[in-house]
Amino acid sequence: MTYTKTEAEKLIAKIPRTQLGFFPTPLHRLDRLSEELGVNLWIKRDDFTGSNLFGGNKTRKLEFLMGHAKELGAEYVITYGATQSNHVMQTVWSAAKNGIKPIAYLAAMVTPDMDDLKGNMLLDKIYGAELQVIYPEEGESFEDAERRSFVVGAEHADRLNSEGHVCYDIPMGGANEHGSLGYVNAMVELQGQLEQLAAEGTEFNPQYLYHATGSGGTMGGIVAGKKLLGMDMEIHSMLTIPMEDTGDYIENGMNLANGALGLIGVEALAETDDFIVDASHAGEAYEVPSDEGSEAIRMLARKEGILVDPVYTGKAFAGLIADIREGRIEQGADVLFLHTGGTTVFFAEKEILGDIF
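Only a predicted model underlies this, so the values are computations on that prediction, with no experimental measurement involved.

Trainee: Go over the overall build of the protein chain, please, and point to the residues and values.
Mentor: Regarding its fold elements, the protein chain presents 12 helices and 10 strands. Taken over C-alpha atoms, the radius of gyration comes to 19 Å for the protein chain, in line with the 21 Å a tight globule of 357 residues would show. Expressed along its principal axes, the backbone C-alpha trace of the protein chain runs to roughly 60 × 45 × 35 Å. Here the contacts in the protein chain between residues at least 6 apart in sequence split such that 79% fall between residues at least 24 apart. Surface exposure of the protein chain reaches about 14,500 Å², of which carbon and sulfur atoms provide 49%. Separation of charge centres in the protein chain, based on 28 positive and 55 negative side chains, amounts to 6 Å.

Encoded structure:
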């Protein structure tokens, strides 16, 4: 069973939510790149989610995550990510906005200078976060340090709860059913924008939607929203983390999608076949820039004046360009790129930025 935009809005409205962003985010055509690449290419600007200056996809998730935290009477929120995590920064400011104390456990892929903080870490401190940096120990990988951060962070949350403080635990990337519901809602918003364009005489019916994916929560919500509304488009989720076998990742995305639908009382609609996950543009590692990602950053900046970042959206846009150039997207097709934010990375450590000039 599928639902109209209005029916979907009524279902979602039942779930606790706190207003964080300014919606709908802009949807517009990339005229110069459309001409150069031979497709009808549009972009949805979720880098503009607000209400602080630095938007991104996590803001949509956090509307429902913070809504749930407030419903539970949370005094603290605790979350996880890399030192320059967009998710952590957006969690921190949204907690501050709602009078909740933010705690972040950060795994160090690149060692930060704690006396000269940059990018998202600087913003985290300005917004009042308690930061706990977990450095890889001898013989330990970044992934090992990340897993250790989850353990010590959970212990911290348990201590606070045992002392009588309500501590709301938000997983890395906001990737749970409440977070993914934010992107079910985003697809409802997109459906309304497409209907408005049609009413104004502009025909844009995306055959393909491309977006960056890391923890999988945005991907799950997008696929759930597509299925809820019966939208006819291929969702291409471009991994920013190298992965040889995406089977478990897709399974997790399906569970997030159906978990989000379950929150609003809709039966499971997503299946593993609904997910197209491409890890071929992730580069060497998370937070390690790639040559094709840098090329994509320069192309979009110099043709359209829009920035994508080297960690997430630059790699996803590189994948989109490759699929057009190599014929996997046919000439003349209607294509949508979902810009999920992340441009604060341009003010982070040079190891993350890469060669973009």
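After presenting the structure, the write-up continues.
Trainee: Give a detailed account of the pairing of strand 4 (residues 101-107), specifying residues and quantitative values.
Mentor: Across a regular strand the side chains alternate sides, sitting on one face of the sheet and then on the other. Burial of strand 4 is extensive: 6 of the 7 residues sit out of reach of the surface. Here strand 3 (residues 76-82) runs beside strand 4; their pairing, made up of 7 bridges, is parallel. Paired with Tyr-80 across the bridge in strand 4 is Tyr-105. Regarding topology, helix 4 (residues 86-97) serves as the crossover connection from strand 3 to the parallel strand 4, and that connection is right-handed. Where strand 4 meets strand 5 (residues 130-134), 5 bridges bridge the pair, whose relative direction is parallel. Residue Leu-106 lies in a different strand from strand 5, and its bridge partner there is Val-133.

Trainee: Let's hear about helix 1 (residues 5-12): which residues, and what values?
Mentor: Those residues of helix 1 not exposed but buried are Ala-8, Leu-11 and Ile-12. One face of helix 1 carries all of its buried residues, which in axial projection span an arc of 95°. Residues of helix 1 that are buried make contact with helix 3 (57-71), helix 7 (177-199) and helix 8 (217-229).

Trainee: Report on the packing of aromatic side chains, specifying residues and quantitative values.
Mentor: One pass over the full model with this rule turns up 5 aromatic pairs. Look at Phe-317 and Phe-337: their rings are 5.0 Å apart centre to centre, the planes differ by 80°, and that puts the pair in the edge-to-face class. Here the residue Phe-317 occupies a position in helix 11 (residues 313-325), and Phe-337 occupies one in strand 10 (residues 334-339), the gap between them amounting to 20 residues. For Phe-317, a relative accessible area of 0% gives the class buried. When its relative accessible area of 0% is taken as the criterion, Phe-337 is described as buried.

Trainee: Describe in detail the environment of Leu-65, supporting the description with residues and values.
Mentor: When you line up the elements, Leu-65 lands in helix 3. Sequence separation between Leu-65 and Asp-169 is 104 residues; the distance between their C-alpha atoms is 9.6 Å.

Trainee: Could you give an account of the nonpolar core, naming the residues involved and the relevant values?
Mentor: One finds Met-187, Leu-190, Leu-209, Ile-264 and Phe-275 to be the most contacted residues of the largest nonpolar core, which totals 44 residues. Secondary structure elements with two or more residues in this core: helix 1, helix 7, helix 8, strand 8 (234-239), helix 9 (247-263) and strand 10. Sorting elements by how many residues they give to this core places helix 7 first, with 9 residues. Other than its neighbours up to four places away in sequence, Leu-209 contacts Met-187, Leu-190, Ile-222, Met-233, Glu-234, Ile-235, His-236, Leu-336 and Leu-338. Counting 29 residues, the second largest nonpolar core, distinct from the first, contains Leu-30, Ile-43, Met-238 and Met-299.

Basis of the calculations
- Residues numbered from 1 in each chain as written.
- Predicted model: local features only at pLDDT ≥ 70, side-chain atom pairs only at ≥ 80, totals over all residues.
- Heavy atoms only, no water.
- Helix = DSSP H or I, 4+ residues; strand = E, 2+ residues; numbered from the N terminus.
- Rg over C-alpha atoms; globule rule 2.2 N^0.38 Å.
- Contact = heavy atoms within 4.5 Å.
- Areas by Shrake-Rupley, 256 points an atom, 1.4 Å probe, with all protein chains shown as cover.
- Lys, Arg positive; Asp, Glu negative; His and termini not counted.
- Charge placed at Lys NZ, Arg CZ, Asp CG, Glu CD.
- Buried < 20%, exposed > 50% of the residue type's maximum accessible area, 1.4 Å probe, protein only.
- Pairing = 2+ DSSP bridges.
- Right-handed = clockwise from strand over helix to strand, strands pointing away.
- Arc of directions from axis to C-beta.
- Phe/Tyr/Trp six-rings, centres within 6.5 Å; stacked < 30°, edge-to-face > 60°.
- Core = buried A, V, L, I, M, F, W, Y, C linked by side-chain atoms within 4.5 Å.

Any functional reading would require information beyond the geometric quantities listed.
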